[in-house]
Amino acid sequence: MKKNHIYILFSVAMLNLLSCTDSFLEVKPTSALMESNYYDSPERIETGLVAAYQPLLWNDYAFGGWAPLLFISDIMSDDVRVGGGGVDDQPSLHLMRHFSVTPEINFGALWVTLYSGVNRANIILEKLPSIQGLSASRKSQIEAESRFLRAYYYSWLWKLWGNIPYYNTNPTVTPYLVAQVTPDVVYAKMIEDLNFVIASQLADKTVLTAESGRATKDAARMLKAQIVMYQNDASKYPEVLNDMKSMIESTRYTLMSNFLGVFDDAGEWCTESIWEINYTDKNATRDWGNALAAGGTVYPKLIGINGGDMPVYEGGWGFEPVEKSLYDIYDDADRRKDAGILNFAKYKIANPAATYSPRYDDTGYFNRKYIARKGGNSNCTSGSLDMNFRNNLRIFRFSETLLNAAELLIRTNGDLVLAKSYMDRVRARAYAGPNGIAATLDNILIERRKEFALEGHRFWDLVRFGKAVEVLGARGYTENKKYLPIPASEIDKAYGTLTQNPY
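Keep in mind that this is a model prediction, so the values were computed, not measured. (Residues numbered from 1 in each chain as written. Predicted model: local features only at pLDDT ≥ 70, side-chain atom pairs only at ≥ 80, totals over all residues. Heavy atoms only, no water.)

Before we move on, can you summarise the overall build of the protein with the specific residues and values?
In terms of regular secondary structure, the protein is built from 19 helices and 14 strands. Computed over its C-alpha atoms, the radius of gyration of the protein comes to 22 Å, within 12% of the 23 Å expected for a compact globule of 503 residues. A burial count over the protein gives 61% of its 503 residues as buried. Sequence-distant contacts in the protein: of pairs separated by 6 or more residues, those separated by 24 or more amount to 69%. Counting every atom, the protein has about 18,200 Å² of accessible surface; 53% of that belongs to carbon and sulfur. (Helix = DSSP H or I, 4+ residues; strand = E, 2+ residues; numbered from the N terminus. Rg over C-alpha atoms; globule rule 2.2 N^0.38 Å. Buried < 20%, exposed > 50% of the residue type's maximum accessible area, 1.4 Å probe, protein only. Contact = heavy atoms within 4.5 Å. Areas by Shrake-Rupley, 256 points an atom, 1.4 Å probe, with all protein chains shown as cover.)

Give a description of empty space enclosed by the protein that names residues and reports values.
Here the structure, examined in full by the defined rule, presents six cavities of 30 Å³ or more. Along the wall of the largest cavity there are 25 residues; nearest its centre are Trp156, Lys159, Gln226, Gly456 and His457. Contributing elements (two or more residues each) for the lining of the largest cavity: α3 (69–75), α6 (136–161), α8 (217–231), β14 (393–397), α14 (398–411) and α17 (458–464). In terms of residue count, α8 provides more of the lining of the largest cavity than any other element does, five residues in total. Among the residues making up the lining of the largest cavity, the classes are represented as 13 nonpolar, five polar and seven charged. (1 Å grid on protein atoms, 1.4 Å probe; cavity = no way out; pocket = protein on both sides within 12 Å on 5 of 7 lines; lining within 4 Å. Points joined across faces, edges and corners; volume = space filled by probe spheres on them. Nonpolar A, V, L, I, M, F, W, Y, C, P; charged D, E, K, R; others polar.)

Describe the environment of Asp331, with residues and values.
If you trace the backbone, Asp331 turns up in the loop between α11 (324–328) and α12 (336–340). For Asp331, a relative accessible area of 35% puts it in the partly exposed group. Asp331 sits 46 residues away from Asn377 along the chain, and the two C-alpha atoms are 34 Å apart. Leaving out residues up to four positions away in the same chain, Asp331 has contacts with Lys337 and Tyr431. Side-chain polar atoms of Asp331 contact the side chain of Tyr431, separated by 2.8 Å. (Polar contact = N/O pair within 3.5 Å; in protein donor to acceptor, adjacent residues only side chain to side chain.)

Could you give me a rundown of the nonpolar core, with the residues and numbers involved?
Phe107, Phe148, Leu160 and Trp161 are the most contacted members of the largest nonpolar core, which totals 146 residues. Contacts of Trp161, omitting those with residues within four sequence positions, involve Asn106, Phe107, Leu110, Trp111, Leu114, Tyr483, Leu484, Pro485, Ile486, Pro487 and Asn501. (Core = buried A, V, L, I, M, F, W, Y, C linked by side-chain atoms within 4.5 Å.)

Give me the pairing of strand β9 (residues 273–277): which residues, what numbers.
Among the five residues in β9, five count as buried, and that is most of the element. Here β9 pairs with β14 via four bridges, running antiparallel. Looking at the pairing, Trp275 lines up with Phe396 of β14. (Pairing = 2+ DSSP bridges.)

Provide a residue-level description of α6, including the pertinent values.
Here α6 contains 26 residues, and its C-alpha end-to-end distance of 37 Å stays within 8% of the 38 Å for a straight helix at 1.5 Å per residue. The element α6 is extensively covered by neighbouring structure, given that 22 of its 26 residues are classed as buried. Gly162, located one to two residues past α6, shows a positive phi value of around 70 degrees. (Expected span 1.5 Å × (residues − 1).)

Residues and numbers for the environment of Leu223, please.
Mapped onto the elements, Leu223 comes out in helix α8. C-alpha separation for the pair Leu223 and Met76, spaced 147 residues apart in sequence, amounts to 21 Å.

For the packing of aromatic side chains, give the residues involved together with the corresponding values.
If you walk through the whole model with that rule in mind, you get 34 aromatic pairs. Each ring, one from Trp288 and one from Trp317, has its centre 6.4 Å from the other, and the planes form 40 degrees; the classification is tilted. Placement of the pair is Trp288 in the loop between β9 and α10 (299–302) and Trp317 in the loop between β11 (315–316) and α11, with a sequence separation of 29 residues. Taken together, the ring pairs connect Phe99, Trp156, Trp158, Tyr187, Tyr230, Phe459, Trp460 and Tyr477 into an aromatic cluster. When the ring centre of Trp156 is taken as origin, the NZ or CZ atom of Lys159, which lies over that ring, is 4.1 Å away. For Lys337, the ring lying beneath its charged end belongs to Tyr327, and the centroid distance is 4.7 Å. (Phe/Tyr/Trp six-rings, centres within 6.5 Å; stacked < 30°, edge-to-face > 60°. Lys NZ or Arg CZ within 6 Å of the ring centre and 35° of its normal.)

Tell me about the pattern of salt bridges, residues and numbers included.
Taken as a whole, this structure holds 45 salt bridges when the rule is applied. Note that Asp193 and Arg150 form a salt bridge whose closest N and O atoms lie 2.9 Å from each other. With a gap of 43 residues between them, Asp193 in helix α7 (residues 183–198) and Arg150 in helix α6 connect regions that are remote in the sequence. Residue Asp193 is classed as buried on the basis of its relative accessible area, which comes to 2%. Between Asp461 and Arg448 there is a salt bridge whose closest N-O contact spans 2.8 Å. Pair noted here: Asp461 is in helix α17 and Arg448 is in helix α16 (residues 441–451), with a separation of 13 residues, a long-range link. Both residues of the pair, Asp461 and Arg448, count as buried. Here the salt bridges do not stand alone but share partners, grouping Glu272, Asp334, Arg336, Lys369, Arg397, Arg427, Arg429, Glu447, Glu451 and Glu455 into one network. (Salt bridge = Lys/Arg side-chain N within 4 Å of Asp/Glu carboxyl O.)

Fair warning: the whole summary comes from geometry, so function is off the table for now.
As structure tokens, then:
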């Protein structure tokens, strides 16, 4: 295993050279080679591309830090609490809930993870032009995949920290200082990358199972829409609306009839899945001594029901108890209510022997979409069982395409009948039949909360709708809390070139 000592804004990012097996992102280490000598063939540039995908898998736990992106997003919302063993159990998570993260108690490991992804994508883009033996078409596809990944990694740095160092060529001269830029500059650079992907030779949708997880044009369209809508860039609303409508009209995707089934094993890469981050327990070697190894995720165990003895679900560590107020926004006819949230009292009526041991901030409600299922790591034979659940993260689903299109039609004074029809499709699945509501922004915000509960959307929606102070102000949110403080370790290594965010 090779370590590439390039500082990602002054933090060492590890580049583990990985090789493909039968399926995309099933990986294993190769022998150590100097990076400058490694990228000298089509096979090795393909290996490097797989390595550029690997940091997608690390957000749950890496570099000694916990930062599951869905969870930390929802901690800031009104949908979940932190839980666990108490306020001293992962204090950064508890501070996150009250918008009081400090430069010293922060998510520095996540910063390193995301910049590791940027670093790896940049390496491929730098080395690709000199590779002999690759067709022009394949080079274009590799460039597009790498630029999608770079935009995705930057999108999280942009949302979380805002005023960040941006570079599309890795620094080569010590001390590897990179200029800090404003969120608007980062936004423009991400759009540039995503426009390249959308105009590229990539497929709209991956059709080969072994390739599932690679970037596609539709994944880029969804990421672009997410970024444009978070930026509230009305000048680009027509562009992303056209992207959403083209995806809808293409019939490439359909909503699954069974909402909970989307999050079961059989629901991975289902008919409504646009892009997922793949985890696997097959040949998994990830463990506490090597959290960057290939394999599964620890997130289901983290949020599992503490001391649980119950059918179907495996016990866990009791983080992310769900607010009763989220459960109560659904009416009883809405199948998303109990499909997405496990109400333990109701569950016990059907399963009288089920028990659990409440932990800190317990509410009796749990994230049913991602909690650990029994047998969810059954193929793991060499890594840590706790770290190797095979639950894929569902990043972009077709229901989001529909609700994005509905919202964009409203925001552009478009066809409200069409907007309502898009919303009605999402609600018809939820209610097992027609249950339409008016196409308004207030209804869109509520519908997004219900459809994407516990998938990391709610806080970002409150911010972009201008509702965050109203909903979260009592818990400490103000406009100057939009961005986290930059980790103190990065400020210290910047030789005075970084300006700290307000906190």
